[in-house]
Amino acid sequence: MDRRSVIKHAGVAGILAAGAAPAVHAQAAVRWRLASSFPKSLDTIYGAAQVFADAVKAMSGGKFEVTVHAPGELVPAFGIVDAVQQGTIEAGHTAPYYYFGKDDTFAIGTAIPFGLNSRQLTAWYYEGNGLKLMREFYDQYNIVNFPGGNTGAQMGGWYRKEIKSLADIKGLKMRIGGFAGKVLSRMGAVPQNIPGGEIYQALEKGTIDATEWVGPYDDEKLGFYKVAKNYYYPGWWEGGAQLDFYINKKAYNDLSSEYKAMVQAAASHAHVTMQAKYDALNPAALKRLVANGTKVLALPKPVMDEAFKQAMALYDELSSSNPNWKKVYTDYSNFRRDANLWFRFTEARFDGYMQSVKL
């Protein structure tokens with residue numbers, strides 16, 4: 001079996017087990033710099049980029065090396081798109097919705113309020129039209145993208161005061177990532193877009209009233225429970241938040257077919273590994289947070305209903321004004337409708353039962 005066949009059929013584990021074939025050793029060495037939007041302390045998210053880099057290096061026998069850099073080392077946390085587009089760096093690992101200010105369509109690449117969950121989003125990307133449509137969109141920015149991890153459904157955030165009704169959303173200063181702030185704004189809140197490494201200080205000083213990040217494991221690391229005790233669920237704006245590897249188009253096209261296959265395999269490996277880490281680490285972290293006095297509370301249904309109403313109205317407006325959004329969202333929403341019909345009879349019913357019994 002030749003090297004190309006191994007890469008195509010064996011997956012990462014098979015490739016690593018097969019060793020580096022002579023064809024790979026004969027290729028020129030490649031050195032890429034990858035900038036992350038996330039601090040090194042978050043081993044789950046920042047760590048996904050390192051998983052990618054380690055896999056590429058192992059598969060190439062050290063010929064293809066990717067160095068991973070935290071925010072500020074090469075570019076700012078929210079500077080990934082510009083840097084990759086301009087070729088300042090070869091690659092980045094980020095949340096696409098951070099860049100919704102350039103075009104709202106970026107948000108679909110991560111998560112939009114009341115969108116797909118993580119399994120559905122992965123299905124849309126790999127077996128639906130998701131990857132094709134998003135790559136057509138990213139081509140305008142000189143970027144080739146690969147799914148690079150998912151957090152799974154997120155929590156609804158930390159609040160200084162309890163949220164008992166829609167009135168408590170009015171005037172609320174909340175750190176919330178990217179696009180979801182548009183929906184909160186329509187509900188009367190005041191969204192703030194703050195990098196992960198700066199959120200705690202803002203919450204501690206009272207610059208913001210509430211914040212969301214991901215879930216128990218990351219949130220515990222960031223210490224939010226020390227300054228806000230009300231922990232709400234669910235994060236209706238991130239039912240399955242995906243990260244992406246952004247790669248400069250020329251840098252990617254300059255790779256050999258073997259190296260391109262390694263990038264694809266390594267990205268898929270990082271994609272699966274990231275959510276597996278969250279699913280394994282979040283339960284124990286939630287227990288610790290509760291032991292430290294955290295109150296875990298459900299968002300009131302009227303708040304959820306109003307958020308849904310405002311989100312759907314926003315999507316209709318964007319479909320009327322933004323051709324990029326309309327093209328991608330039309331396909332996305334059709335996939336969401338059918339996926340939820342199926343999950344209603346299987347996943348949701350099974351999960352609901354399992355979570356109602358004593359184990």
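What this report covers is the structure whose coordinates are included nearby.

Time to look at the sheet that holds strand S5 (residues 157-159). The strand order S7-S6-S8-S5-S9-S11 describes an open sheet built from six strands, whose pairing is mixed. Each having just a single partner strand, strand S7 (190-192) and strand S11 (295-298) make up the two edges of the open sheet. Where strand S6 (residues 173-175) and S7 come together, three bridges link them in parallel fashion. Within S7, the residue paired with Arg175 across the bridge is Gln192.

Once that is clear, we can look at the sheet that holds strand S3 (residues 91-94). Taken in spatial order, the five strands of this open sheet run S2-S1-S3-S10-S4, and their pairing is mixed. This sheet does not close on itself; its edge strands, each paired only once, are strand S2 (64-69) and strand S4 (143-150). Put simply, the sheet's adjacent strands are angled 25° from each other on average, direction ignored. Here four bridges tie S3 to strand S10 (residues 242-248), and the two strands are oriented antiparallel to one another. Note on S10: the bridge partner recorded for Gly92 is Tyr246. Of the strands in this sheet, S4 and S10 are in contact with helix H6 (residues 130-138), which crosses S4 at around 130°.

Once that is clear, we can look at the side chain of Asp103. Looking at the secondary structure, you find Asp103 in the loop between S3 and helix H5 (118-126). Although Asp103 lies buried, it forms no salt bridge, and the closest oppositely charged side chain, Lys182, sits 8.6 Å away as judged by the N-O distance. At a separation of 3.0 Å, a polar atom in the side chain of Asp103 contacts the side chain of Asn324. Ignoring any residue separated from it by four or fewer positions in sequence, one finds Asp103 in contact with Phe137, Tyr141, Asn322 and Asn324.

Conventions we followed
Counting starts from 1 at the beginning of each chain's written sequence and moves along it residue by residue. Given that the model is predicted, a residue must reach a pLDDT of at least 70 before its local features are reported, and side-chain atom pairs must reach 80 or more before they are shown or counted; all residues, however, enter totals for whole chains, interfaces and linings. To obtain the side-chain values, all non-hydrogen atoms of the structure were used and water was disregarded. Any two strands are treated as partners once DSSP identifies two or more bridges connecting them. Numbered from the N terminus, helices here are DSSP runs of H or I no shorter than four residues, and strands are runs of E no shorter than two. Comment: axis = line fitted to C-alpha atoms, over the contacting stretch for helices; angle = value between 0 and 180 degrees taken between N-to-C directions. When checking whether two residues touch, look at their non-hydrogen atoms; a contact exists if any pair is within 4.5 Å. Think of it in three bands: with a 1.4 Å probe and only protein chains considered, a residue is buried below 20% of the maximum accessible area for its type, exposed above 50%, and partly exposed in between. Counted as positive: Lys and Arg. Counted as negative: Asp and Glu, with His and the chain ends omitted from the count. Whenever Lys or Arg places a side-chain nitrogen within 4 Å of a carboxyl oxygen from Asp or Glu, that contact is recorded as a salt bridge. Counting of polar contacts relies on pairs of N or O atoms within 3.5 Å, with two restrictions inside protein: one atom must be capable of donating a hydrogen and the other of accepting it, and residues adjacent in sequence are counted only when both atoms are side-chain atoms.

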